[in-house]
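Here are the chains, one letter per residue:
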Amino acid sequence: MAITAADTAVPDAEFDVLVIGAGGCGLAAALAAHDANPALSIAVVEKADRLQGNTMLSSGSIPAAGTRMQRQAGLHDSAGDFVADLRRIAGPHEMPALTERLADVSAELVEWLVDRAHATLTLVETYKHIGHRQYRLHSPPSRRGADLMADLARTLDERGIPMAFGNPAVELLAGPDGSVLGAVTQTPDGTRTVIAARAVILSTNGFGANRQLISRFCPELSGAPYGGATGSEGEAVIWGEALGAALANMGAYQAHASLAEPHGSLVTWTVVEKGGIVVDGQGRRFGDESMGYSAFAALELDRTGPFYVVADARVRDATAAGQEEYAELVRHNGVLQADDAASLAARLGLPADALAASLRDAASAARGEQADAFGRAHWGLGALQAPYTATRIGPALFHTQGGLRVDGDGRVLRADGSAIPGLYAGGGAAAGISGNQGSKGYMSGNGLLAALGLGYLAGRAAARDMRA
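Residues numbered from 1 in each chain as written. Predicted model: local features only at pLDDT ≥ 70, side-chain atom pairs only at ≥ 80, totals over all residues. Heavy atoms only, no water.

**Observations concerning the overall build of the protein chain**
Right, so step 1: Check the secondary structure of the protein chain and you find 15 helices and 19 strands.
Right, so step 2: In terms of overall dimensions, the protein chain is globule-like: its C-alpha atoms have a radius of gyration of 23 Å, near the 23 Å expected for 468 residues.
Right, so step 3: Buried residues in the protein chain amount to 60% of all 468 residues.
Right, so step 4: Taking the intrachain contacts of the protein chain between residues at least 6 apart in sequence as the baseline, contacts between residues at least 24 apart amount to 76%.
Right, so step 5: Looking at the protein chain as shown, the accessible area adds up to about 17,200 Å², and 50% of this sits on carbon and sulfur atoms.
Right, so step 6: One way to put it: in the protein chain the 38 positive side-chain charges average out to a point 4 Å from where the 50 negative ones average out. (Helix = DSSP H or I, 4+ residues; strand = E, 2+ residues; numbered from the N terminus. Rg over C-alpha atoms; globule rule 2.2 N^0.38 Å. Buried < 20%, exposed > 50% of the residue type's maximum accessible area, 1.4 Å probe, protein only. Contact = heavy atoms within 4.5 Å. Areas by Shrake-Rupley, 256 points an atom, 1.4 Å probe, with all protein chains shown as cover. Lys, Arg positive; Asp, Glu negative; His and termini not counted. Charge placed at Lys NZ, Arg CZ, Asp CG, Glu CD.)

If you want it as structure tokens, here you go:
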């Protein structure tokens with residue numbers, strides 16, 4: 001990966017807007033630029049041979065405050081409340097203005113995705129997820145990010161916006177003033193294509209799959225498994241630093257406390273939100289599960305597993321009815337069931353007395369008979385009851401939340417606050433809104449809000465800047 005002087009490269013193709021990365025951010029950026037000016041020539045290049053990325057792996061849930069979907073459901077929400085929630089969870093932050101910008105545009109974003117990008121999104125009213133005071137997650141009915149991506153890709157195709165798969169960008173083209181004037185792609189057979197562009201939008205994911213960058217910025221994760229998109233190799237950080245771009249919130253990331261072992265699939269935290277608990281290899285709880293899947297992962301990373309999420313048949317069935325990935329795990333015997341605590345302990349190889357005590361104390365707290373030892377106050381469907389269920393889980397890194405410093409429209413900024421002409425970024429390529437305290441500042445949906453939101457804003461800004 002390198003920066004090449006633009007005057008030494010003869011372009012093989014020219015576009016007004018070149019989007020690097022066909023994830024949720026990239027597809028939103030291409031559509032937003034086209035919406036702003038249909039006369040623009042726009043292209044998307046992607047290193048994978050098909051649609052991939054962290055949006056594909058997600059539930060497709062985008063948080064937004066003040067949408068018409070909320071109003072139709074009789075719910076009152078505001079960008080101000082959303083900002084307050086985000087700040088409360090994120091804590092120390094290097095880009096607080098971006099939090100306000102994305103919260104302010106969130107309702108507009110979701111309605112644009114439905115009305116103009118033709119994505120099928122509905123308000124999720126069966127769970128809020130940790131940190132949100134109101135139902136504000138909007139997702140495909142299937143709760144699959146792959147369906148959101150398919151909708152966006154179909155709309156790109158309908159508008160004639162080309163996507164070139166298997167064409168990774170390997171270099172950026174830079175002018176003598178440090179402006180970005182295009183990129184070079186290289187196919188697996190070595191074919192190089194020089195693409196000139198008036199605007200380049202980086203939507204290349206984060207750096208979760210780049211162990212060198214993880215060791216540099218998030219050393220506590222050096223030995224943690226990675227469960228995110230394999231293409232998250234940090235190109236944006238590498239190119240940006242070479243161009244003098246500033247970085248922000250580099251120590252932040254979204255981890256998940258419940259990657260099923262050995263299946264490797266995600267055990268949705270809805271199981272916990274509906275009343276489930278997490279115990280260690282001694283059958284004991286060790287924290288307030290309601291802090292959220294990312295923050296709780298930090299507790300697991302400080303310990304030696306195994307860990308188990310324990311719930312009951314009611315929680316299992318209610319969760320499986322609304323989330324297909326979890327239902328598939330149930331169908332493939334990834335969720336054990338036992339008639340009582342002793343039987344469950346025997347199946348898991350845990351001390352029976354300790355597991356029974358954990359279940360008994362949690363049930364007592366859920367019924368309001370005593371305060372929870374870890375401060376948990378929300379218990380979903382209430383006290384767990386036999387028959388019980390359990391899945392072995394472990395912590396994993398899913399995606400980084402730090403990246404290039406950007407302004408409120410996705411323009412990449414230098415350390416002195418000036419914008420690098422022609423360069424925009426969003427999603428994992430840009431710094432996110434989860435603060436800078438590791439996994440603790442992540443709130444459900446932060447990743448997709450930054451991905452789709454900054455893609456939307458950057459696409460429009462690129463079109464607007466060309467007009468200017």
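**So, the packing of helix α13 (residues 341–348) against helix α14 (residues 352–366)**
Right, so step 1: Running from N to C, α13 and α14 point in directions that differ by 125°, and their axes come no closer than 9 Å. Our classification of the angle between α13 and α14 gives oblique. Regarding α13 and α14, the two cross each other, and that crossing is right-handed. Judged by residue contacts, Ala341, Leu344 and Ala345 of α13 engage Ala352, Leu355, Ala356 and Leu359 from α14.
Right, so step 2: A class-by-class count of the residues in the contact of α13 with α14 yields seven nonpolar, no polar and no charged. (Axes fitted to C-alpha atoms, helices over the stretch in contact; angles between N-to-C directions. Parallel < 35°, antiparallel > 145°, perpendicular 65-115°, else oblique. Left-handed = near helix turned anticlockwise from the far one by under 90°. Nonpolar A, V, L, I, M, F, W, Y, C, P; charged D, E, K, R; others polar.)

**Re the side chain of Thr67**
Right, so step 1: In this fold, Thr67 is placed in the loop between β4 (62–63) and α3 (68–72).
Right, so step 2: The buried category is assigned to Thr67, whose relative accessible area is 0%.
Right, so step 3: Of the polar contacts made by the side chain of Thr67, one reaches the side chain of His138; its length is 2.9 Å.
Right, so step 4: If we ignore the near neighbours within four places in the chain, the residues touching Thr67 are Ala107, Val110, Glu111 and His138. (Polar contact = N/O pair within 3.5 Å; in protein donor to acceptor, adjacent residues only side chain to side chain.)

**A word on the side chain of Gln323**
Right, so step 1: Summarising the element assignment, Gln323 is placed in the loop between α11 (313–322) and α12 (324–331).
Right, so step 2: Exposure remark for Gln323: the relative accessible area of 11% places this residue in the buried category.
Right, so step 3: Engagement of the side chain of Gln323 in a polar contact is seen with the side chain of Thr268, the distance being 3.1 Å.
Right, so step 4: A distance of 2.7 Å separates a polar atom in the side chain of Gln323 from a polar atom in the side chain of Thr270.
Right, so step 5: Apart from residues no more than four positions distant in its own chain, Gln323 is found in contact with Tyr127, Thr268 and Thr270.

**Regarding the domain arrangement of the protein chain**
Right, so step 1: You can read the domains of the protein chain as domain 1 (2–249 + 401–466) and domain 2 (254–397).
Right, so step 2: Look at where the C-alpha atoms of domain 1 and domain 2 centre, and you get two points 33 Å apart.
Right, so step 3: Counting from both sides, the interface comprises 19 residues of domain 1 and, opposite them, 20 residues of domain 2.
Right, so step 4: Of the roughly 1,600 Å² buried where domain 1 meets domain 2, counting both sides, 62% is carbon and sulfur surface.
Right, so step 5: Sorting the residues of domain 1 by area buried against domain 2 places Ile130, Ser439 and Tyr442 first, and these three jointly supply 33% of that buried surface.
Right, so step 6: Between the two partners, domain 1 and domain 2, sit zero salt bridges. (Domains from an automatic or database assignment. Buried area = accessible area lost by both parts, 1.4 Å probe. Salt bridge = Lys/Arg side-chain N within 4 Å of Asp/Glu carboxyl O.)

**With respect to the pairing of strand β8 (residues 169–174)**
On a regular strand, each side chain points to the face opposite its neighbour's, so the side chains alternate between the two faces of the sheet.
Right, so step 1: Judged by how many residues are buried, β8 sits mostly within the fold: five of six residues are covered.
Right, so step 2: Here four bridges tie strand β1 (residues 2–5) to β8, and the two strands are oriented parallel to one another. Counted as the bridge partner of Thr4 is Leu173 from β8.
Right, so step 3: Strand direction decides the pairing type here: β8 and strand β9 (residues 180–186), joined by five bridges, are antiparallel. Its bridge partner being in β9, Leu173 is matched across the sheet by Gly182.
Right, so step 4: Turn length for the β8-β9 hairpin, with the two strands adjacent in sequence and antiparallel, is five residues, and the turn residue Gly178 shows positive phi of about 85°. (Pairing = 2+ DSSP bridges.)

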